[in-house]
Amino acid sequence: MTVQREVMAVDQDSKPRLSVFSKMEKMIVAMAKADNENGIVMRAKRNLFSDQIQSFSGCDIVDWLKRQYNITDVKEACYLATNLCQYGYIYPIDFKLSSYTVKYDRSAEYRFQAPYFWPFRKDGTADSIKYAIYLQKRSLRNKQKHGLEPYEQEAFDKLLKVFADKKEFIEKQAREQVRMTKAGLYFYGHQVTSVSEAKKQRRTEKILLDLQERAFWRVHRPRPGCIQTMEEGPKRYFQPSQMAARRRKNKDTYRAEIKFLKKALEKPKPKLSKVLESYLTWNEQYQEYDPFLDQNAALPSNPWISDDTLFWEANDTLVKIPTELRVKKWAISFFNLMKDEQGSHEFEVFLSTEYSQENIRFWKEVEDMKHGPRSMIEESVNRITSEFLSNNAPREINIDSKTLETVNRNKEEMKGKPESLRYIFDPAQEHIYLLMKKDSYPRFLRSDQYINLKEMAHNQPIKKRFFGFGSGKTQIKRQTPSPKLKRRSTSSEREANSDISGDSPIHSITPMHSYSTGNLKDMDMKQTPSSSRFLKGSDSSLLKRKKFNLLKVIAE
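Thresholds applied
- Residues numbered from 1 in each chain as written.
- Predicted model: local features only at pLDDT ≥ 70, side-chain atom pairs only at ≥ 80, totals over all residues.
- Heavy atoms only, no water.
- Helix = DSSP H or I, 4+ residues; strand = E, 2+ residues; numbered from the N terminus.
- Disulfide = S-S within 2.5 Å.
- Buried < 20%, exposed > 50% of the residue type's maximum accessible area, 1.4 Å probe, protein only.
- Pairing = 2+ DSSP bridges.
- 1 Å grid on protein atoms, 1.4 Å probe; cavity = no way out; pocket = protein on both sides within 12 Å on 5 of 7 lines; lining within 4 Å.
- Points joined across faces, edges and corners; volume = space filled by probe spheres on them.
- Nonpolar A, V, L, I, M, F, W, Y, C, P; charged D, E, K, R; others polar.
- Axes fitted to C-alpha atoms, helices over the stretch in contact; angles between N-to-C directions.
- Parallel < 35°, antiparallel > 145°, perpendicular 65-115°, else oblique.
- Contact = heavy atoms within 4.5 Å.
- Phe/Tyr/Trp six-rings, centres within 6.5 Å; stacked < 30°, edge-to-face > 60°.
- Lys NZ or Arg CZ within 6 Å of the ring centre and 35° of its normal.

- Going by the annotation in an unreviewed UniProt entry, the name recorded for the protein chain is Regulator of G-protein signaling 6-like isoform X13, with Crassostrea virginica given as the source organism.

Okay, structure coming up:
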């Protein structure tokens, strides 16, 4: 079944209605026909509330769908019937059912829902106030027949807290509906009859009204764990009438469009060959830093392949020793250095040695103000002005008089406009950025600080982890391409590869657990039950030779 959006009316405030609901409604109208040839036959059940309540079973609706739409698969017909039930076009009489799944049997009885309660009706909206009135009405009636379930009672308590100012209105509406229901005057279609005719109404209609109303709210406010089929997503900020008004064009709209197109024509456009060439150059330059394109960029371990998180720990925002690729990337451009928080921190440390730390401090303060909350803009402007731009400022930055005049003029023009105040320091910030890029950045790349960072990053210790938990001995591992490590050998392979001649005693025995050089002396040379399991079947002379070779290594 295709799902298409119908044409949205301009005067509707709700979202466009899916055409699938129109198809469902036509299907329900065809099912509910009175003639026995085309519609579903309704049967009265004596074991229900009354002899006059007519219903149909799951077999009836599935057989009708198979006959009407030439459906051969029973599962497909059951699925279509389940959708009709989940969207509230039919409802089960027994509300003790845990789900609305329609089965091909006669275990459950169903009825057609009144058109007033069909989904996406203008007069049948399911807002929270109506739900609170419905729950209040049920709480005022017989507790045994109309008592609230635990999840409904919890929802009712929350709604009373939310609508605390409308609590009296909700209670009055509920009491009035209860009174009209008892008198036989209340009906959801606003069809109110006289008192004399209302007394003649049968008890069956009251029961049906209660069933229809309960089925409606069970679809729109389902119990926890059930599927919420009527979720519409976030609401609109603009009504369709406002959206249509925005689409109307006038003289000013066409003038602005013409001005924009003229600027686009005057703007110089580079050749496609030059663009592709620069793109390929950029790709070749940054390829070694992308872990998806180069596997060496994900050292010491690739977190997209393994469960090891050491890569994220080594590339955290602020670390003691950054990785080698991270430090090398700072030398590509000044933008990469300032974009990385670790890089900007190292650059700030370098500027402090040159007594020009106020430049990067000013740049960071302006960036924080641009992306900060609106309520703090004026306070930030005054603090930046008094700290960096005013006369005798504690951290006065080195900018020319023309730039300072531009900043002061912008400050006076944008006074009282917090959103425009965010960008009044752009001329001074751009001046300081170019100053650091052309003057301080080249000296930073030649400084001892950056050279030492590269050396430490090249020889930084990396903790090797085994079995995905814990950490082993700290090993020196360079972040450069290295040969693939051999896997652990089995006990039989270790016996076959053991050097019996004694020329290479360090490889003559391979214990099952890793031991560092510091705790080799603490090894118990006696044969333990665990070690005897791996040395089972070996010669006693071979065992003595292995112990002798190991003691020889320790002595050396």
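Structure's up, so let's keep going.
**Thoughts on unusual backbone geometry**
Note on backbone geometry: most residues besides glycine have negative phi, and most peptide bonds are trans.
Item 1. Of note in this structure, Tyr355 is not a glycine but carries a positive phi near 60 degrees.
Item 2. Along the chain, Tyr355 turns up in the loop between helix H16 (341–353) and helix H17 (357–370).
Item 3. Positive phi values are uncommon outside glycine, yet Asn392 reaches one of about 60 degrees.
Item 4. Mapped onto the elements, Asn392 comes out in the loop between helix H18 (377–389) and helix H19 (401–413).

**A look at the state of the cysteines**
Here is the idea: a disulfide is a covalent bond, and it sits between the sulfur atoms of two cysteines.
Item 1. Tallied over the full model, the rule gives zero disulfides.
Item 2. With no disulfide of its own, Cys78 lies closest to Cys59 among cysteine sulfurs, the gap being 8.5 Å.
Item 3. In this structure Cys78 comes out as buried when scored by relative accessible area, which is 13%.

**Quick look at the sheet that holds strand E1 (residues 43–44)**
Item 1. Read from one edge of the open sheet, four strands run E1-E2-E4-E3, paired in antiparallel fashion. Among the strands making up the open sheet, the edge pair consists of E1 and strand E3 (90–92).
Item 2. Pairing of E1 with strand E2 (residues 54–57), which is carried by two bridges, proceeds in the antiparallel orientation. Bridge pairing links Arg43 to Ser55 in E2.

**Some words on empty space enclosed by the protein**
Item 1. The final tally for this structure, using the stated rule, is four cavities of 30 Å³ or more.
Item 2. There is about 70 Å³ of room inside the largest cavity.
Item 3. Taken together, the elements giving at least two residues each to the lining of the largest cavity come down to helix H6 (150–162) and helix H9 (203–220).
Item 4. When grouped by side-chain class, the residues that make up the lining of the largest cavity number two nonpolar, no polar and six charged.

**What about the packing of helix H1 (residues 19–31) against helix H3 (residues 74–86)?**
Item 1. Where H1 contacts H3, the axes come no closer than 11 Å and their chain directions differ by 100 degrees. Put simply, H1 runs roughly perpendicular to H3. Side by side, H1 and H3 meet where Met24, Met27, Ile28 and Met31 of the first sit next to Leu80, Asn83 and Leu84 of the second.
Item 2. A breakdown of the residues in the contact of H1 with H3 according to their chemical character gives six nonpolar, one polar and no charged.

**Looking at the packing of aromatic side chains**
Item 1. In this structure the tally under the stated criterion is 27 aromatic pairs.
Item 2. A centroid spacing of 5.3 Å and a plane angle of 75 degrees characterise the contact between Phe21 and Tyr87, whose relative ring orientation is edge-to-face. Here Tyr87 lies in the loop between H3 and E3 and Phe21 lies in helix H1, a separation of 66 residues in the sequence.
Item 3. Given a relative accessible area of 3%, Phe21 falls into the buried group.
Item 4. Given a relative accessible area of 21%, Tyr87 falls into the partly exposed group.
Item 5. One aromatic cluster is present, formed by Phe334, Phe347, Phe350, Trp363, Tyr433, Tyr441, Phe444 and Tyr450 through successive ring pairs.
Item 6. Over the ring of Tyr131 we find Arg221, and its NZ or CZ is 5.3 Å from the ring centre.

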